[in-house]
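Read off the chains here:
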Amino acid sequence: MKSPASDSSSAACCKSPRRLWISIFIAALAFLLPHALLAHDIPNDVTVQAFVKPEGQKLHLLLRVPLNAMRDTEFPERGAGYLDLARVDASLREAAMVWIADAVEIYEDDSRLPNPQILEVRASFPSDKSFASYDEAYAHVTGPSLSNDVQVYSNQVMLDVLFEYPIHSDRSRFSIHPGLARLGLQVITALRFLPPDGAVRAFEFIGDPGLVRLDPQWYQAALNFVKLGFFHILDGTDHLLFLFCLVIPFRSLRKLIPVVTSFTVAHSITLIASAYNLAPDFLWFPPLIETLIAMSIVYMALENIVGGVGVQRRWMITFGFGLVHGFGFSFALRQTLQFAGSHLLTSLLSFNIGVELGQLLVLVVLIPLLHAFFRYAVAERMGTIILSALVAHTGWHWMLDRGERLAQFRFAWPALTTAMLATAMHWLMAMLIVAVLMWYVATRWPLRFPLGEASSRDPLGTQSAQVRVLGNGLDN
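Residues numbered from 1 in each chain as written. Predicted model: local features only at pLDDT ≥ 70, side-chain atom pairs only at ≥ 80, totals over all residues. Heavy atoms only, no water.

## What to know about the packing of helix H5 (residues 237-247) against helix H10 (residues 380-407)
Direction vectors running N to C along H5 and H10 enclose 145 degrees, while the axes themselves pass 11 Å from each other. The crossing of H5 and H10 is left-handed. Across the interface between the two elements, Thr237, Asp238, Leu241, Phe244 and Cys245 from H5 touch Leu387, Val391, Thr394, Trp398 and Arg402 from H10. Residues of the contact of H5 with H10, tallied by class, amount to six nonpolar, two polar and two charged. (Axes fitted to C-alpha atoms, helices over the stretch in contact; angles between N-to-C directions. Helix = DSSP H or I, 4+ residues; strand = E, 2+ residues; numbered from the N terminus. Left-handed = near helix turned anticlockwise from the far one by under 90°. Contact = heavy atoms within 4.5 Å. Nonpolar A, V, L, I, M, F, W, Y, C, P; charged D, E, K, R; others polar.)

## Quick look at the pattern of salt bridges
Tallying each qualifying case throughout the model produces eleven salt bridges. Put simply, Asp160 and Arg64 hold a salt bridge, and the shortest N to O gap is 2.8 Å. Placement of Asp160 in strand E8 (residues 158-166) and of Arg64 in strand E2 (residues 58-66) is noted, with a sequence separation of 96 residues between them. Residue Asp238 pairs with Arg402 through a salt bridge whose shortest N-O separation is 3.7 Å. Taken together, the positions of Asp238 in helix H5 and Arg402 in helix H10 put the pair 164 residues apart, joining distant regions of the chain. According to the relative accessible area criterion, Asp238 is buried, its value standing at 10%. Overall, the relative accessible area of 12% leaves Arg402 in the buried class. Through salt bridges that share partners, Arg64, Asp128 and Asp160 make up one connected network. (Salt bridge = Lys/Arg side-chain N within 4 Å of Asp/Glu carboxyl O. Buried < 20%, exposed > 50% of the residue type's maximum accessible area, 1.4 Å probe, protein only.)

## As for the sheet that holds strand E12 (residues 212-213)
Judged by pairing direction, the sheet is antiparallel, and its four strands sit side by side in the order E6-E5-E9-E12 without closing on themselves. Among the strands making up the open sheet, the edge pair consists of strand E6 (111-112) and E12. As paired strands, strand E9 (residues 174-178) and E12 are joined by two bridges and run antiparallel to one another. Counterpart to Ser175 in the pairing with E12 is Arg213. (Pairing = 2+ DSSP bridges.)

## Section: the confidence of the model for the chain
Overall, the predicted model of the chain reaches an average pLDDT of 79, with 77% of residues at or above 70. Scored below 50 in pLDDT, residues 1-15 shows one contact in the model against residues more than four places distant or in partner chains. Within the model, pLDDT remains below 50 along residues 29-39, and this stretch shows one contact once partners closer than five positions in the same chain are excluded. (pLDDT = per-residue confidence, 0-100.)

## Topic: the pairing of strand E11 (residues 201-206)
Residues Arg201, Phe203 and Phe205 line the buried face of E11, whereas the alternating positions Ala202, Glu204 and Ile206 sit on a face that is not buried. When strand E10 (residues 186-193) meets E11, the two strands line up antiparallel, connected through six bridges. Looking across to E11, one finds that Arg192 is bridged to Ala202.

## Re the packing of aromatic side chains
A full pass over the atoms with the stated rule returns 17 aromatic pairs. On the basis of an interplanar angle of 55 degrees and a centroid distance of 5.6 Å, the ring pair of Phe373 and Phe374 is categorised as tilted. Among the aromatic residues, those joined into a ring-pair cluster are Phe51, Phe131, Tyr134 and Tyr138. (Phe/Tyr/Trp six-rings, centres within 6.5 Å; stacked < 30°, edge-to-face > 60°.)

## Brief notes about the pairing of E10
With burial as the criterion, only one face of E10 is covered, namely that bearing Val187, Thr189, Leu191 and Phe193; the residues Gln186, Ile188, Ala190 and Arg192 on the opposite face remain uncovered. Across eight bridges, strand E1 (residues 45-55) lies against E10 in parallel orientation. Of the residues in E10, the one forming a bridge with Val46 is Val187.

## Observations regarding helix H6 (residues 253-275)
If you check H6, its first and last C-alpha atoms are 31 Å apart, about what 23 residues at 1.5 Å a residue would give, namely 33 Å. Most of H6 is tucked away, with 17 of its 23 residues classed as buried. Downstream of H6 by one or two residues, Asn277 has phi in the positive range, about 60 degrees. (Expected span 1.5 Å × (residues − 1).)

## Considering the side chain of Ser347
In this structure, Ser347 sits in helix H9 (residues 344-376). Residue classification places Ser347 among the buried positions, given a relative accessible area of 0%. With sequence-adjacent residues up to four places away left out, Ser347 is seen in contact with Ala221, Phe225 and Ala340.

## Some points on the environment of Trp315
Mapping Trp315 onto the fold places it in helix H8 (residues 311-333). Its relative accessible area of 9% is what places Trp315 among the buried residues. Linking Trp315 and Pro258, residues 57 residues apart in sequence, is a C-alpha distance of 6.4 Å.

## Quick notes on the environment of Asp160
Taking the relative accessible area as the measure of exposure, Asp160 reaches 0% and is therefore buried. In this structure, the C-alpha to C-alpha distance between Asp160 and Leu67, residues 93 residues apart in sequence, is 9.1 Å. Sequence-distant contacts of Asp160, defined by excluding residues within four places in its chain, comprise Leu63, Arg64, Glu120, Val121, Arg122, Ser124, Phe131, His140 and Val141. A distance of 2.6 Å separates the side chain of Asp160 from the side chain of Ser124, its partner in a polar contact. A distance of 3.2 Å separates a polar atom in the side chain of Asp160 from a polar atom in the side chain of His140. (Polar contact = N/O pair within 3.5 Å; in protein donor to acceptor, adjacent residues only side chain to side chain.)

As structure tokens, then:
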């Protein structure tokens, strides 16, 4: 009969070879893994140049991609590791099919096109300038290849490839999903669409933008920009704080409608003007606008603390600050206006509709929350001061930080050219027209309470005794 000691000893002997092999495997893996990773490094920054040109019953997709982004593809070499340009054609075609054709999806009127045919592939130097235009790029990729006498490594050249897709008509509406984000850690795709009418449309994508409509219909562009505007106002902390300052003294949708509408109309004016290149294009202008937005938050918060706020005064001040916030919206839209196609004005108006919808959602959430806060947590006047002081503190720090960035720019008066004077006259005329309209509206149709009637004893016009039910402000 075996003793327990002998059993444990034999078990340990059985386990020791297994542990030895596991240790050897882990050591080998630790040794080989870094070398494997080095052999297949993912490039940090990859820039892809592309042309999309429908013509007759075929569509050409012409791309230039760094060859070092085509990982796990063996390219023939010669000599001291130089690329064998005489035998590289088959490998280039394989890399183009695996890394580009399988990743890019092109649609004709919402129907995905079949897999493309590779017409030509070329290895090119990064210094080659033929991709400045489609005609030059097409002539280059269909022209003679590099001579095999050229000594170059595979990570020193670009892959130029010409794909051809069958289509029904070059007048169809085309979309593309450029799924090329896996080529590098950050992939920038510069794409130019050449429709039959000759109007080239330029796009620039970072990473994977999803489905991009190269020639959207007006309702497609409108829906896209409504969504952009809606989520932009929800993501914009400074705009939300400004809206919060508007809500604190007027916790009623009916009272807030003229205030919020004046803000929307004002930022629509400057947003549309910026989209049509009527805004200043100096480097110091964006940080100046960001600083002014922070100042507007501080001012509105301090005005709430001081009290005596009426709808008549508030909507006019909000209109002025809305002009500033419109420039801020335009900075966020610079990269997305490329998706508007030929419907620029429709897209801008749709973006403003989305912003308005986002503001209404914020109001619907904030009004009952503020009613509950003032009813159950703190007295109304004290709560207004506390909340506005917190907002003013945040806006003050933003203003100082943004002011420091603004101070780094050296301000210089622009040269008095004819174009500059014409732009200045346009803005002065627009400001004069807006001022006259504001004066006319304020005198012709003065806003009175109710809409809410402000009591002389309660300058905020929101006595806590009026709040009978938690959600009363929504239909007050």
